[in-house]
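Structural overview
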Amino acid sequence: MTSSKPPLVSVILPCRNESGYIEDCLKSILAQEMPDGDLEIIVADGVSNDGTREFLERFCTENPKVRLLNNPGRIVSTGLNAALREARGEVIVRMDAHTVYAPDYIKQCLAVLRETGADNVGGPMCTTATTYKERAIRAVFHSPFAVGGARSHNPDYEGYVDTVIYGCWRKSIFDRVGNFDEDLVRNQDDEHNLRISRNGGKIYQSPRMRSWYHVRDSFTTVLRQYMQYGYWKVLVIRNHRLPASVRHLVPAAFVGTLGLLLITGLFWRPAHAAAMALAGFYLLAVLGASLLTAARTEWKLLPALPLAFCCFHLGYGYGFLRGIVDFVLFQKAPATKFVQLTRQQRRSTSTV
């Protein structure tokens, strides 16, 4: 990127059943502050059946910068790789259909990529929400207690990190470390960033890159979402033979210990007492975090916050333990519930 001429940028966008969001997403990408002719948008649709595919076919006809690919693998990693194979740009920007982007998003990506010399740059995960449940989930989403201090959930953090959401790379990085791991239904971005780091690369997060992701709209879908995050993290750890960070281990340790104590308590009363004590300590911590979160956001959310925290922690913890059973102990194929979409297929979009 030494030339003063702006590089051709290829946006790669996997999607499946995004009828409530894909239009706003694509409009925000087409509204990017860039000269004509230097942007292509490649959408890899994972066999959508909710009207998304029909919308995309019409949209691509009306907007020649947008190209539609078929993604028969139906998951994010296969869609990203299909788009990468077709991308002509010197720079690749990975986007998400559940998100809208600031008009200067790509311009800031290019600037931060150039200024830092990093191999991958991205912005923090900012969020939108409309309903009461969504606002509660959004509040917990940005709580360090819920996500173990993950920097991608901190909208103000700037600096070198171990992973970023989405990502902006020079295309040459994929020749160096490879494309996305198609065995992964979740955590494909984290795993790819791990390969960049292990090959001596650097990853940088900057709040100058602004985008807004719409959170899940029910506690059940959040529970399933975080079960999948925990489940697929185990496969990443197994494949790379690396230990997880503490934030990945704590939920599984809590869920596993509590379950073991409850089972043992059926035969040995002290174990039952220990389980009650552990559960009580956890609930007190959740209540404290809920009070702090309500004070930071909306007090009216307080009744729903403890349930949201439990969905994050218990979902991730159970998913991680199940991943150990499936991928490490029995080395079997993933269960269906860890592959399926975790959100409702259709809802209206909201503003930031």
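Throughout what follows, the structure given in this document is the object of discussion. Given the structure is predicted, the values throughout are model-derived calculations rather than measurements. (Residues numbered from 1 in each chain as written. Predicted model: local features only at pLDDT ≥ 70, side-chain atom pairs only at ≥ 80, totals over all residues. Heavy atoms only, no water.)

Some words on the overall build of the chain
What the chain contains, in helices and strands, is twelve helices and eleven strands. For the chain, the C-alpha radius of gyration of 21 Å lies close to 20 Å, the compact-globule estimate for 352 residues. Each principal axis of the C-alpha distribution contributes one length, and for the chain these read about 70 × 45 × 40 Å. Residues classed as buried in the chain amount to 54% of the 352 residues present. Counting only contacts in the chain whose residues sit at least 6 apart along the sequence, the fraction spanning at least 24 positions is 80%. Surface accessibility of the chain: about 16,000 Å² in total, with carbon and sulfur atoms responsible for 58%. If the 41 positive side-chain charges of the chain are averaged to one point and the 32 negative ones to another, these points end up 6 Å apart. (Helix = DSSP H or I, 4+ residues; strand = E, 2+ residues; numbered from the N terminus. Rg over C-alpha atoms; globule rule 2.2 N^0.38 Å. Buried < 20%, exposed > 50% of the residue type's maximum accessible area, 1.4 Å probe, protein only. Contact = heavy atoms within 4.5 Å. Areas by Shrake-Rupley, 256 points an atom, 1.4 Å probe, with all protein chains shown as cover. Lys, Arg positive; Asp, Glu negative; His and termini not counted. Charge placed at Lys NZ, Arg CZ, Asp CG, Glu CD.)

Overview of the pairing of strand β4 (residues 91-94)
In β4, alternate side chains face the same way, and those of Val91 and Val93 on one face and Ile92 and Arg94 on the other are all buried. Relative to β4, strand β1 (residues 9-15) runs parallel, the two being bridged by four bridges. Bridge pairing in β4 places valine 9 opposite valine 91. Here β4 pairs with strand β9 (residues 168-170) via three bridges, running antiparallel. Across the sheet, valine 91 pairs through a bridge with arginine 170, a residue of β9. (Pairing = 2+ DSSP bridges.)

So, the packing of aromatic side chains
Inspection of the entire model under this criterion finds 16 aromatic pairs. An angle of 40° between the planes, with centres 5.4 Å apart, marks the rings of phenylalanine 55 and phenylalanine 59 as tilted. Here phenylalanine 55 and its partner phenylalanine 59 are both found in helix α2 (residues 52-62), four residues apart, which amounts to about one turn of the helix. Each member of the pair, phenylalanine 55 as well as phenylalanine 59, carries the same accessibility label: buried. Seen from their ring centres, tyrosine 231 and tryptophan 232 are 5.4 Å apart, and the 80° between their planes marks the pair as edge-to-face. Judged on exposure class, the residue tyrosine 231 and its partner tryptophan 232 are both buried. Three or more aromatic residues link up through ring pairs in this structure, and these residues are Tyr101, Tyr105 and Tyr166. The aromatic ring of tyrosine 160 is capped on one face by lysine 202, whose charged end is 5.4 Å from the ring centroid. (Phe/Tyr/Trp six-rings, centres within 6.5 Å; stacked < 30°, edge-to-face > 60°. Lys NZ or Arg CZ within 6 Å of the ring centre and 35° of its normal.)

Some details on a nonpolar patch on the surface
The grouping of Ile263, Leu266, Phe267 and Trp268 at the surface amounts to a nonpolar patch, some 570 Å² of accessible area in total. For isoleucine 263, a relative accessible area of 53% gives the class exposed. (Patch = residues over 30% accessible without salt bridge, like charges linked within 9 Å, V, L, I, M, F, W, Y side chains within 5 Å. Salt bridge = Lys/Arg side-chain N within 4 Å of Asp/Glu carboxyl O.)

A word on the sheet that holds strand β11 (residues 211-214)
Here three strands make up an open sheet; going across it, the order is β5-β11-β7 and the pairing mixed. The two strands at the open ends of the sheet, each matched to only one other strand, are β5 (99-101) and β7 (126-128). The average undirected angle you get between the axes of adjacent strands in this sheet is 30°. Summarising the sheet, β5 and β11 pair through three bridges and their orientation is antiparallel. Each residue of the ladder has a partner; that of valine 100, found in β11, is tryptophan 212. (Axes fitted to C-alpha atoms, helices over the stretch in contact; angles between N-to-C directions.)

Concerning the packing of helix α1 (residues 22-30) against α2
Two quantities define a packed helix pair, namely the angle between the helix axes and the distance between the axes. Two elements in contact, α1 and α2, have axes whose closest approach is 11 Å; the angle formed by their N-to-C orientations is 30°. What the angle tells us is that α1 and α2 run roughly parallel. Remark: the crossing between α1 and α2 carries right-handed chirality. For the pair α1 and α2, contact is made by Ile22, Glu23, Leu26 and Leu30 and by Thr52, Phe55, Leu56 and Phe59, respectively. Looking at the contact of α1 with α2 residue by residue, the classes come out as six nonpolar, one polar and one charged. (Parallel < 35°, antiparallel > 145°, perpendicular 65-115°, else oblique. Left-handed = near helix turned anticlockwise from the far one by under 90°. Nonpolar A, V, L, I, M, F, W, Y, C, P; charged D, E, K, R; others polar.)

Describing unusual backbone geometry
Located in the positive-phi region is valine 47, a residue other than glycine, with phi close to 60°. The topology assignment puts valine 47 in the loop between β2 (39-45) and α2. Positive phi values are uncommon outside glycine, yet glutamine 331 reaches one of about 50°. In this fold, glutamine 331 is placed in the segment after α12 (305-329). Glutamine 331 gets classed as exposed once you look at its relative accessible area, which sits at 61%.

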